[in-house]
Amino acid sequence: MVTKNDVRRKRRQTTPLRKPAPVAAAKAVLKPGQRVLVIGAGPSGLVALKTLREHGYNAICAEANETIGGTFHNKTYDDGVLVSSKYITPFSDFRWEDASCSHPPIEEYLDYLGRYVAQFNLEPYLYFGLRVDSVLRTSSNHYTIRCTYKKFASKKLQSKSFNAVAICSGLHNIPFTPIVKGIEHFKGISIHSSEYKERSIFRRKRVLIVGCGETGCDIAYRAVQESQPRGVCMCVRRGFLSVPTALNERVPLDTYITNLFECAYQHRWTETLKLKWTFTTPFIRLAFLLGTGSSGGFNQWDGTLPNVKRGYHIINKSTAIMPYINPQIKRNSWFGRNLYHFFDRHNMYPETRVVKIVPSIERFSDDGTSVVFTDGNIENFDIVVWCTGYRQKFPFLPERSASLGGQDEALPSEHMVCSPGELTLAYIGFVRPNVGAIPPMSEMQVFYWIHRLRGNLPSGAPTTYKLLGLERTRAYGVDYGAYMHDLAREVGIAPSLGYWIFHNPRVAVAYAMGQSYITFFRLEGPFKDSKAVKISGNELLRPVLDRGLAGNLLFVLIIIFFGILNTAFWFVEHLFVRPMQSLWKKIIVCSSS
């Protein structure tokens, strides 16, 4: 129910730097009470199930495995921890203040998800052991599924017909292993990272890790603890950007950013020219260089990208591997040996516990034990672990799967959530932030989907969240804060800073000086939650205060600079550009008549 206060607040959001929320259409695409199938009971599936039911839809969730958690349960490995913090990872209305540390273990996150299910009574609507084999669209808002029940399935569907489907099967579902010449001759162990569980398999072995993402770095770190001396190599094709998850235990990396003039109240010229990213890049690289000796990443002396720029890369936060990569490089530098060796102090055996960076594989040799790299070097290995990611495929959508063959399947045009021609089919959780967490982004995607199902039209505003790099993940790689705000503005749930400055300054400071936490987008609008004000003014203000005076002073100076710049752009546009455009149109009309 939209109240008069919500209407007034929405009007206040219409500032020179923001556009009003779109006007609702007359007819809903999906009505409350109609049946929705959610595929997958990972974090994205759980928040989709809960939010859909909360807003009146008859949703149930099909999960092929016997428990919740998705990738966090099925593909986790020894000593796994979250790379996103306890502030940004949880959902909007069920927080995680009792987490043991800023980046808790995976087991603790699974416990959090279990408590989430209990809190919102989702258990009756979860169907475990139900594998969806195909989803067939029979009419504009009608789908029929074919499914398989596994032995441990405890209940069956009463009907296999649904009015809408939410695909929450996850980015990390179908492993991708490249075809390399001669792999059939390899006599050792060859596994995909999704199969890895425990580091003892590397004991006294020679190990090759193919890939340098977070999983690749995680597994390389575990391998170097167990392998033969100098027995671990890691294939790095283009490079990676290494940055730690936290500056210290109290200040996680993903809280060290602001919304004001970064994602909110930013003039379109500033955004189009990406001035914030361009301006801050040299300062970030200078801080890396002076602080750790390398401008290519935090304490990253090898495996660097050719040209590090903000807004181009998905950050690799698995930094425990760097003390095992760096020593062989730092020994050739006076600064490395005498000044920056401090960062590698956790490697007690720098001469033997080494991870060697190697280029791409050219082929496996015929003898079945060695690998030839593109630089001509040859190394022997006992184990190869392919940390080469996953295919974006949906085998239960047969028509779409067949049309694209072996390539990754395209995501929908509207924010990677849905398509105008088939609003009743949503893709939730198929997005990868540069710094952030997928679960809260999934919650925002569900808000957007419900917004469209209710008949609201898209605003047509240009998106601001796409990363500029050329990585394979470019199709779904986004800037976290920009993505959250773009969708929030579409739905009409972006906070009005002017309102909160006068009604609750703690909330205003937390929002302006903080990260784009999902709870901020439940302060007002159609998905308003009564607990959001308290959470925002207390828990989410804490990361801002924990930065200390120096950290916040830096952000205040940046905000002042970009506040002046955005204001100047606004005056130039309204006092000069628009009048000139209006005059030019009049001249054209007069000349044509």
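Everything here concerns the structure above.
Below: a short report on this structure. (Residues numbered from 1 in each chain as written. Predicted model: local features only at pLDDT ≥ 70, side-chain atom pairs only at ≥ 80, totals over all residues. Heavy atoms only, no water.)

**Considering the nonpolar core**
The tendency in soluble globular proteins is for nonpolar side chains to be buried side by side. One finds Leu37, Leu126, Val135, Ile167, Met444, Trp449 and Tyr483 to be the most contacted residues of the largest nonpolar core, which totals 111 residues. Ranked by the residues each element gives to this core, the list is headed by helix α12 (residues 438-453), at eight residues. The contact partners of Trp449, leaving out residues within four places of it in the chain, are Val36, Leu52, Ala164, Val165, Ala166, Val417, Cys418, Leu423, Thr424 and Ala426. Ranked by size, the runner-up nonpolar core spans 25 residues in total, among them Ile191, Phe202, Ala220 and Val224. (Core = buried A, V, L, I, M, F, W, Y, C linked by side-chain atoms within 4.5 Å. Buried < 20%, exposed > 50% of the residue type's maximum accessible area, 1.4 Å probe, protein only. Helix = DSSP H or I, 4+ residues; strand = E, 2+ residues; numbered from the N terminus. Contact = heavy atoms within 4.5 Å.)

**Considering the sheet that holds strand β14 (residues 355-358)**
Strand order in the open sheet formed by five strands is β9-β18-β10-β11-β14, with parallel pairing between adjacent strands. Each edge of the sheet is formed by a strand with only one pairing partner; in this case those strands are β9 (189-192) and β14. Neighbour-to-neighbour, the strand axes of the sheet open up by a mean angle of 20°, direction not taken into account. Alignment of strand β10 (residues 207-210) against strand β11 (residues 232-235), held across four bridges, turns out to be parallel. Bridging across to β11, Val207 finds its partner in Val232. Each of β10, β11, β14 and β18 (383-386) is contacted by helix α5 (residues 214-226), which is oriented at about 170° to β11, the strand it contacts most. (Pairing = 2+ DSSP bridges. Axes fitted to C-alpha atoms, helices over the stretch in contact; angles between N-to-C directions.)

**Things to note about the packing of aromatic side chains**
One pass over the structure, following the stated rule, counts 36 aromatic pairs. Aromatic pair Phe94 and Phe120: ring centres 6.2 Å apart, planes at 70°, arrangement edge-to-face. Separated by 26 residues along the polypeptide, Phe94 in the loop between α3 (71-74) and α4 (106-119) and Phe120 in the loop between α4 and β3 (126-128) bring together distant segments of the chain. A residue is classified by how much of its surface remains accessible, and Phe94, at 11% relative accessible area, is buried. By relative accessible area, which is 23% here, Phe120 ends up partly exposed. Arranged with centres 4.8 Å apart and planes meeting at 65°, the rings of Tyr465 and Tyr483 form a pair that is edge-to-face. Separated by 18 residues along the polypeptide, Tyr465 in the loop between α12 and β22 (477-478) and Tyr483 in helix α13 (residues 480-491) bring together distant segments of the chain. Over the ring of Phe120 we find Lys50, and its NZ or CZ is 4.7 Å from the ring centre. (Phe/Tyr/Trp six-rings, centres within 6.5 Å; stacked < 30°, edge-to-face > 60°. Lys NZ or Arg CZ within 6 Å of the ring centre and 35° of its normal.)

**Quick word on the pairing of β18**
Of the two faces of β18, the one holding Ile383 and Val385 and the one holding Val384 and Trp386 are both buried throughout. Summarising the sheet, β9 and β18 pair through four bridges and their orientation is parallel. Residue pairing in the sheet places His192 in a bridge with Trp386 of β18. Pairing geometry for β10 and β18, over four bridges, is parallel. Pairing of Leu208 across the sheet is with Val384, part of β18.

**Some points on the packing of helix α7 (residues 275-292) against helix α18 (residues 548-592)**
In the contact formed by α7 and α18, the axes pass within 12 Å of each other and the chain directions differ by 145°. Considering how the two elements wind past one another, α7 and α18 form a crossing that is right-handed. The segment α7 lies against α18, with Leu275, Lys276 and Phe279 engaging Ile558, Phe561, Phe562, Leu565 and Phe569. Partitioned by chemical class, the residues of the contact of α7 with α18 number seven nonpolar, no polar and one charged. (Left-handed = near helix turned anticlockwise from the far one by under 90°. Nonpolar A, V, L, I, M, F, W, Y, C, P; charged D, E, K, R; others polar.)

**Considering the layout of surface pockets**
Approximately 1100 Å³ is the volume attributed to the second largest pocket. Leu253, Tyr256, Ile284, Phe288 and Arg310 are the residues nearest the centre of the second largest pocket, which is lined by 38 residues in total. Breaking the lining of the second largest pocket down by element, the ones donating at least two residues are α7, α13 and α18. With eleven residues, the top contributor of residues to the lining of the second largest pocket is α7. The class makeup of the residues in the lining of the second largest pocket is 21 nonpolar, ten polar and seven charged. (1 Å grid on protein atoms, 1.4 Å probe; cavity = no way out; pocket = protein on both sides within 12 Å on 5 of 7 lines; lining within 4 Å. Points joined across faces, edges and corners; volume = space filled by probe spheres on them.)

**Thoughts on the side chain of Arg222**
With respect to the helices and strands, the residue Arg222 is situated in helix α5. By relative accessible area, which is 5% here, Arg222 ends up buried. A polar atom in the side chain of Arg222 sits 2.9 Å from the backbone oxygen of Asp78. Apart from the residues lying within four places of it in its own chain, the contact partners of Arg222 are Tyr77, Asp78, Asp79, Gly80, Tyr196, Arg199 and Phe202. (Polar contact = N/O pair within 3.5 Å; in protein donor to acceptor, adjacent residues only side chain to side chain.)

**Section: the sheet that holds strand β1 (residues 35-39)**
Spatially, five strands are ordered β3-β2-β1-β7-β20 in an open sheet, and the strand pairing comes out parallel. Whereas interior strands pair on both sides, the edge strands pair on one side only; in this sheet they are β3 and β20 (425-427). For this sheet the average axis-to-axis angle between neighbouring strands, irrespective of direction, equals 20°. Examined bridge by bridge, β1 and strand β2 (residues 58-63) share five bridges and lie parallel to one another. Looking at β2, one finds that Arg35 is bridged to Asn58. Helix α2 (residues 43-54) rests against β1, β2 and β3 of the sheet, and its axis sits at about 165° to β2.

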